[in-house]
Amino acid sequence: MTPRTPSSGSDPKNQPTPAKKTATKKAAAKKATAEKAVTKKTAAAGNTTAKKATAKEAPAKKTPAGKTVAKKEAAKRTAAKKTTAKATAAKTAAAGAVTGKTAKKAARAAKKAPATKAAPRPAAVAPTAPEPVSPELVSPETVSPETVSPAPAPPEPVAARRPEGADPAAVGPGDRERLLAGTHHDPHSVLGAHPVPGGVAFRVFRPYALGVTVVAGERRAGLRDDGQGFFSGVLPLPEVPTYRLQVEYAGTVRDTEDAYGFLPTLGEFDLHLIGEGRHEQLWQALGAHPMTHQGVTGTRFAVWAPNARGVRVAGGFNFWDGTGYAMRSLGATGVWELFVPGIGEGELYKFEITRPDGSKTLRADPLARRTEVPPATSSIVHASHYEWGDAEWLARRTRREAHEAPFSVYELHLPSWRPGLTYRELAEQLPAYVKDLGFTHVELMPVAEHPFGGSWGYQVTGFYAPTARLGTPDDFKFLVDALHRAGIGVLMDWVPAHFPRDEWALAEFDGRPLYEHADPLRAAHPDWGTLEFDFGRREVRNFLVANALYWCEEFHIDGLRVDAVASMLYLDYSREPGQWTPNEHGGRENLDAVAFLQEMNATVYRRVPGVVTVAEESTAWDGVTRATHHRGPSGFGGLGFGLKWNMGWMHDSLQYMSHDPVHRKFHHGEMTFSMVYAYSENYVLPISHDEVVHGKRSLVSKMPGDWWQQRANLRSYLGFMWSHPGKQLLFMGQEFAQGSEWSETRGPDWWLLDPNYGAAADHRGVLDLVRDLNAVYRATPALWTRDVHPDGFEWITGDAADDNVLAFLRHDTDGTPLLAVSHFAPVLRPDYRIGVPDDVPAWREVLNTDAARYGGSDVVHPDPVKPEPQGRHGRPASIRLTLPPLATVWLRPA
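Quantities reported herein were computed from a predicted structural model and do not represent experimental measurements. (Residues numbered from 1 in each chain as written. Predicted model: local features only at pLDDT ≥ 70, side-chain atom pairs only at ≥ 80, totals over all residues. Heavy atoms only, no water.)

1. Concerning the sheet that holds strand β9 (residues 287-293)
Part 1: Reading across from one edge, β9-β10-β13-β12 is the order of the four strands in this open sheet, with antiparallel pairing throughout. The open sheet has two edge strands with one neighbour each: β9 and β12 (328-329).
Part 2: In this sheet, strand β13 (residues 335-341) lies alongside strand β10 (residues 296-304) in antiparallel orientation, the contact comprising seven bridges. From the neighbouring strand, V303 faces β13, where its bridge partner is W336. (Pairing = 2+ DSSP bridges. Helix = DSSP H or I, 4+ residues; strand = E, 2+ residues; numbered from the N terminus.)

Structure (structure tokens):
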């Protein structure tokens, strides 16, 4: 930030009376009346947190140690003290600049007249929007919104008492110094309108202003220029009136309310919850909120910065110079607040924070609900006006738990799914595409704002703001709404594990570790160069728990896929001996992170019925999807997630499929081992973006053999995946056998489906298979109702390694089975016997990945298959099937 040009004004103690003569004949004629009308008692000012104060009678020559009182509260307190006064004060002449002599006369008159009640602020006063002031008229240098002068401020002085006989209107030297340095914790106690002996003192701090006039009803009074942007004056009024300011700059005059004449916009209950770390709707308390406060429209700014010596608001509305916009500290909570009248939606802003060492930093709002499009980093004042149309969906999603319902997920990277489309344009195409393919949910990445697109949204700086790359927050709501109205649930990637070190974001936000752990070894993430959250600090936990609720409540998100859970759970994650400290029990578990995840899950499930949380957790942590109040063998309560990614199944099965079929019999256990632990958690089977990028190759390219065999392998694998216990997740592009790796700069190769492309039929065949897999899956309760119960699965043969065959039954709640047979050898096996229950009279093929319409060799079973009384695989009966090469076959009772 370009330093503010110093004022050439003289010291306020030695400054002469302004030369302007503004007293009129009418004011002189009413002088005697005014002397009788001045209040005998003046209400002592209350502090900015609205603490109760007792009004005291002030002597004529002493200034009360006044703290700020907003207009309405001052009026109430003055009225409470006035128990015997019945006379009504006469009107007071207040025009023109008030000299020290006038103030003395007003002070003497204060002994004669009782106080009168201030007129209430008119309801719904709509201030005129400030006219933009040309920057060159405000400062001779260009002010950059991205930089702030790093020059350290002088040590914060102790506010000195005003000396005997000092001007009661002027800002004292201690307060002046702190306001100029940006280290004042209570600017409202100094600035604004305050009762003083002899009337009401008006103090205004407007750098670069040429003059300030107070307008109170019919009265107009120009304030004295005290230099360095300070203006003051005492008006012989009985109490604080309703008033406005007219601030003159070079070439323009701004008519506005005084920001320092308002009560705090946050109540004691909000502050109590914030202090306790239990404000579950934190986004409604902190951040920037357009509102009407005490009948005036403006924006309430609030930020948590407990280590700051001072906080000011800088933005486009003040040309990124926050000097005149100091916020007040609301006590021990560490929250700073300021209501700025006349500021509304669309304004850019940041918080200018004075660190403990006196240096300054300009920071984006941690709870900003809208941001600029990266690489710009400013926060934007936002209020949602979206009207939802998904009430039917929200009611329907509560009727069945996710782990007992169809749940197949299409994961996509929003900016590259159809490069160049906005949220609203995506809403025209994405719901129809996903609905046609039969997926029940989408999982969106990235959603929260992030500075580097190549991070795919996993290094978040705007935890409460949808990325502005594709539109506004209401535009994102439009997309979610469109998906819901198409019958599709919406999951989002949520990243509470870490955040980047960008100097304008969360890192050492107020000059010291705040959101990150104070121990550098605990704070630094060894893999990603980021900072880990301090899960042991209640305000940080509150920030994250409320963030989870924010997406579910404000954006109707149906589920959170929580990223990098393993990195949160272990103190020694990616750390060598000596780089971490054991917990209080001597273990490596991060007890703070465990408590946070339990609190987050319990709170989300309590407040938002029908949502699901999904953990990306790659270890064997006990109880990821167990209820938080149930303790397991390890002694820990469950983490409380609804579902967990089965990373073991993903790695093992892809490893098996990558082998040449002739070698697969030696790796058969890689396909069966998942059933050893299949019911230890509620699992999702993920083929995610992580598996098809950065040299790992696309899903079809992982498969061995020629092009036909690669596609056949892929089809058989997808058939096995959809029949295996657990939910399904498939990343975009893999549904039509894209051959190249995914790139966020390019997106899927949609041209492969173009009818003019020679091999389009091959890719459309895989797309048709995915559509049919989802359709049969959703119509077959055996594949999902008992998904997390051992009695929902039964091996037929899991040891036919030489044949590369796997066969098993899935059962519905009423016992209705589905028979799945996967054959991972590139040969035809006629009359292959499969043992079956003897109570099913016939079996009908409902899906065969080798069908011609999918690009297979069309070895199918069009007619029902009847069991024979020949035992096989420990069963009393068996059926004979011709197993197609590299294919999966599903059969149901005919």
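Resuming the write-up.
2. Focus on the environment of T377
Part 1: Relative to the assigned elements, T377 resides in the loop between β15 (360-363) and β16 (379-380).
Part 2: The spatial distance from the C-alpha of T377 to the C-alpha of K350 is 9.0 Å, given a sequence separation of 27 residues.
Part 3: In this structure the side chain of T377 is engaged in a polar contact, spanning 2.7 Å, whose partner is the side chain of K350. (Polar contact = N/O pair within 3.5 Å; in protein donor to acceptor, adjacent residues only side chain to side chain.)

3. Description of helix α10 (residues 423-437)
Part 1: Look at α10: 20 Å from first C-alpha to last across 15 residues, which is about the 21 Å you get at 1.5 Å a residue.
Part 2: Of all bends in α10, the biggest is about 30°, found at Q429, and the proline P431 comes one to four residues later.
Part 3: Buried within α10 are the following residues: Y423, L426, A427, L430, P431, Y433, V434 and L437.
Part 4: The secondary structure elements touched by the buried residues of α10 are β17 (408-413), α9 (414-417), β18 (441-445), β20 (462-466), α11 (473-485) and α20 (760-778).
Part 5: Downstream of α10 by one or two residues, G438 has phi in the positive range, about 85°. (Expected span 1.5 Å × (residues − 1). Bend = angle between axes of the 7 residues up to and from the residue. Buried < 20%, exposed > 50% of the residue type's maximum accessible area, 1.4 Å probe, protein only. Contact = heavy atoms within 4.5 Å.)

4. Side note on the sheet that holds strand β33 (residues 843-848)
Part 1: Within the open sheet, the five strands sit side by side as β29-β30-β31-β35-β33. Their pairing is antiparallel. Edge positions in the sheet fall to β29 (793-800) and β33, since each of these pairs with one other strand and no more. For this sheet, the mean angle separating the axes of adjacent strands, direction not counted, is 20°.
Part 2: Relative to strand β30 (residues 805-811), β29 runs antiparallel, the two being bridged by five bridges. (Axes fitted to C-alpha atoms, helices over the stretch in contact; angles between N-to-C directions.)

5. Topic: unusual backbone geometry
Part 1: Residue P374 is joined to P375 through a cis peptide bond whose omega torsion reads 10°.
Part 2: When you line up the elements, P375 lands in the loop between β15 and β16.
Part 3: Residue P446 is reached from M445 by a cis peptide bond, and omega for that bond is -10°.
Part 4: Inspection of the secondary structure assignment puts P446 in the loop between β18 and β19 (448-449).
Part 5: Phi is positive for H694, close to 55°, though the residue is something other than glycine.
Part 6: You can see H694 is positioned in the loop between β27 (683-687) and α19 (707-723).
Part 7: At L886, a position not held by glycine, the phi torsion is positive, near 50°.
Part 8: Counting through the fold element by element, L886 comes out in the loop between β34 (877-883) and β35 (887-893).
Part 9: On the basis of relative accessibility, which here comes to 1%, the residue L886 falls in the buried class.

6. Comments concerning the pattern of salt bridges
Part 1: The tally for this structure, following the rule as stated, stands at 39 salt bridges.
Part 2: In this structure, D475 and R424 form a salt bridge, with 2.5 Å as the shortest nitrogen-oxygen distance. Remark: R424 occurs in helix α10 and D475 occurs in helix α11; sequence separation between them is 51 residues.
Part 3: What makes D475 buried here is its relative accessible area of 16%.
Part 4: In this structure, a network of salt bridges that share partners links the residues E443, D493, R561, D563 and E616. (Salt bridge = Lys/Arg side-chain N within 4 Å of Asp/Glu carboxyl O.)

7. Quick word on the pairing of strand β3 (residues 211-216)
If a strand is regular, its side chains alternate between the two faces of the sheet.
Part 1: Among the six residues that make up β3, six are buried, leaving the element largely enclosed by the rest of the structure.
Part 2: Side-chain alternation along β3 places G211, T213 and V215 on one buried face and V212, V214 and A216 on a second face that is also buried.
Part 3: Sheet topology note: the β3/strand β7 (residues 244-249) ladder contains five bridges and is antiparallel. Among the inter-strand pairings, V214 is bridged to a residue of β7, identified as L245.
Part 4: Pairing analysis gives four bridges linking β3 to strand β4 (residues 219-222), with the strands arranged antiparallel. In the sheet register, V215 faces β4, and the bridge partner there is R220.
Part 5: Counting the residues in the hairpin turn of β3 and β4 gives two residues, including G217, whose phi is positive at 65°.

8. Focus on the packing of α10 against α20
Part 1: Between α10 and α20, the shortest axis-to-axis distance is 7 Å and the interhelical angle comes to 70°. Relative to α20, the element α10 lies roughly perpendicular. Residues Y433, D436 and L437 of α10 pack against L767, V770, R771 and N774 of α20.
Part 2: Considered class by class, the residues forming the contact of α10 with α20 number four nonpolar, one polar and two charged. (Parallel < 35°, antiparallel > 145°, perpendicular 65-115°, else oblique. Nonpolar A, V, L, I, M, F, W, Y, C, P; charged D, E, K, R; others polar.)

9. What to know about the nonpolar core
One recurring pattern in soluble globular proteins: nonpolar side chains tend to sit buried together.
Part 1: F301, F476 and W551 are the most contacted members of the largest nonpolar core, which totals 182 residues.
Part 2: Counting residues per element, this core draws most heavily on helix α13 (residues 538-554), at ten residues. (Core = buried A, V, L, I, M, F, W, Y, C linked by side-chain atoms within 4.5 Å.)

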